[in-house]
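Fold and contact review
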Amino acid sequence: GKASGARLQFERGEWDQALSWYRRQNPPRRDLLLYLLDEATILHTAGRYEESIKTFGKAIDLSGELSGPQVGAKAASIVANDNLIPYQGERFEKILMHVFQALNYLGLGEEREALVEVRRIDTLFHDDIDGASKKYLRNPFATYLSGLVWQANGKQDDARIDFKRTLKLEPHFPFLPSRA
């Protein structure tokens, strides 16, 4: 379909054409989060960090609205048709939104803002995720990125902790010395 055309444009590095396709769409509310995530990712990849930050911000806000307690009650009342329930985002996507935000802020040289995103990632792990999911969702790259952001903010001890976590998750992680 036409979405695959936009994906092909993205893969070719034709950012403006891919963005143009997404911006012409008027997705139903149930698909809006997916469209925002795609658009924000294209903007990030194109190096348009400010725009990516704004679009990921909209996605994060929408995801929060859609996963509130009132939505559960509404969803339960619409048992007849799954297609009416808006997509809320998977847990790993909620974490990735903040990973991308941290990368966007680093791209702009705004280390303190990146640190805020790293703290949000950490909060998501500790508050929202049960033990079984934590292992599955803990990502060596996210942990490594967290270490880099701590380091950029002059917090060497915090950076060292995250680099050790990265090695524990992925002993052969390519960007770290053999002993963090």
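Nothing here was measured: the structure is a model prediction, and the numbers come from that model. Along each chain, the written sequence defines residue order, and numbers are assigned to residues from 1. Confidence filtering applies because this is a predicted model: local features only for residues at pLDDT of at least 70, side-chain atom pairs given and counted only at 80 or more, and all residues used for totals across whole chains, interfaces and linings. Calculated side-chain values reflect all of the structure's heavy atoms, with hydrogen atoms and water omitted.

This next bit is on the overall build of the chain. Looking only at helices and strands, the chain features 10 helices and zero strands. The helix and strand labels rest on DSSP assignments: H or I over at least four residues marks a helix, E over at least two residues marks a strand, and numbering proceeds from the N terminus. Taken from N to C terminus, the helices and strands of the chain fall in the order α-α-α-α-α-α-α-α-α-α. Taking all 180 residues of the chain together, the buried fraction comes to 33%. What makes two residues a contact is simply this: any of their non-hydrogen atoms within 4.5 Å. Considering only contacts in the chain between residues 6 or more positions apart, those separated by 24 or more positions represent 54%. Working definition of accessibility: Shrake-Rupley area with a 1.4 Å probe, residue cover restricted to the visible protein chains. Just so you have it, the chain exposes about 10800 Å², and 51% of that area is on carbon and sulfur atoms. Relative accessibility decides the category of a residue: with a 1.4 Å probe and only protein chains considered, values under 20% of the type maximum give buried, values over 50% give exposed, and everything between is partly exposed.

Another aspect to go through is the pattern of salt bridges. Salt bridge, as used here, is a side-chain nitrogen of Lys or Arg placed within 4 Å of a carboxyl oxygen of Asp or Glu. The tally for this structure, following the rule as stated, stands at 10 salt bridges. Its salt-bridge partner being Arg-165, residue Asp-162 comes within 3.0 Å of it at the nearest N-O pair. Of this pair, Asp-162 and Arg-165 both sit in helix 10 (residues 156-169), three residues apart, which is roughly one turn of the helix. Counted as one network, the salt bridges with shared partners bring together Asp-16, Arg-23, Glu-39, Arg-48 and Glu-51.

Here we come to the environment of Tyr-87. Considering the arrangement of structural elements, one finds Tyr-87 in the loop between helix 5 (69-77) and helix 6 (91-107). Owing to a relative accessible area of 22%, Tyr-87 belongs among the partly exposed residues under this scheme. Linking Tyr-87 and Ser-63, residues 24 residues apart in sequence, is a C-alpha distance of 8.3 Å. Sequence-distant contacts of Tyr-87, defined by excluding residues within four places in its chain, comprise Arg-30, Leu-33, Leu-34, Leu-66 and Glu-93.

Axis lines are fitted to C-alpha atoms, over the contacting stretch for helices. Their N-to-C directions set the angle, which ranges from 0 to 180 degrees. Contact geometry of helix 6 with helix 9 (residues 140-152) gives a least axis separation of 11 Å together with a crossing angle of 35°. The crossing of helix 6 and helix 9 is left-handed. The residues of helix 9 that touch helix 6, namely those facing Val-99, Ala-102, Leu-103 and Leu-106, are Phe-141, Ala-142, Leu-145 and Val-149. The crossing is said to be left-handed when, going from far helix to near helix, the turn is anticlockwise and less than a right angle, and right-handed when the turn is clockwise.

Further remarks concern the packing of helix 4 (residues 49-66) against helix 6. As a packed pair, helix 4 and helix 6 sit with axes 9 Å apart at the nearest point and diverge in direction by 155°. Put simply, helix 4 runs roughly antiparallel to helix 6. Crossing geometry of helix 4 relative to helix 6 is assigned as left-handed. Contacts between helix 4 and helix 6 involve Tyr-49, Ser-52, Ile-53, Phe-56, Gly-57, Ala-59, Ile-60 and Ser-63 on the former and, on the latter, Lys-94, Met-97, His-98, Phe-100, Gln-101, Asn-104, Tyr-105 and Gly-107. Each residue receives one of three labels: charged for Asp, Glu, Lys and Arg, nonpolar for Ala, Val, Leu, Ile, Met, Phe, Trp, Tyr, Cys and Pro, and polar for the others, Gly being one of them. For the contact of helix 4 with helix 6, a count of residues per class yields eight nonpolar, seven polar and one charged. If an angle is under 35 degrees, it is roughly parallel; if it is over 145, roughly antiparallel; if it lies from 65 to 115, roughly perpendicular; otherwise it is oblique.

On to the nonpolar core. The definition of a nonpolar core used throughout is a set of buried Ala, Val, Leu, Ile, Met, Phe, Trp, Tyr and Cys residues joined through side-chain atoms within 4.5 Å. Of all hydrophobic cores here, the largest spans 21 residues; its most connected members are Ile-95, Val-99, Val-149 and Leu-176. Of all elements in the fold, only helix 6, helix 7 (111-128), helix 9 and helix 10 reach the threshold of two or more residues within this core. No other element matches helix 7, which puts six residues into this core.

The next subject is a negative patch on the surface. Patch membership is restricted to residues that have no salt bridge and whose relative accessible area is over 30%. Joining uses 9 Å for like charges and 5 Å for the nonpolar side chains Val, Leu, Ile, Met, Phe, Trp and Tyr. Charged residues are defined narrowly, with Lys and Arg counted positive, Asp and Glu counted negative, and His plus the chain ends left uncounted. Charged side chains are reduced to one point each, which is NZ for Lys, CZ for Arg, CG for Asp and CD for Glu. Among the surface-exposed residues, Glu-50, Glu-110, Glu-111 and Glu-113 lie close enough to one another that they form a single negatively charged patch. The residue Glu-50 is located in helix 4 in this model.

Shape descriptors only; they carry no functional weight alone.
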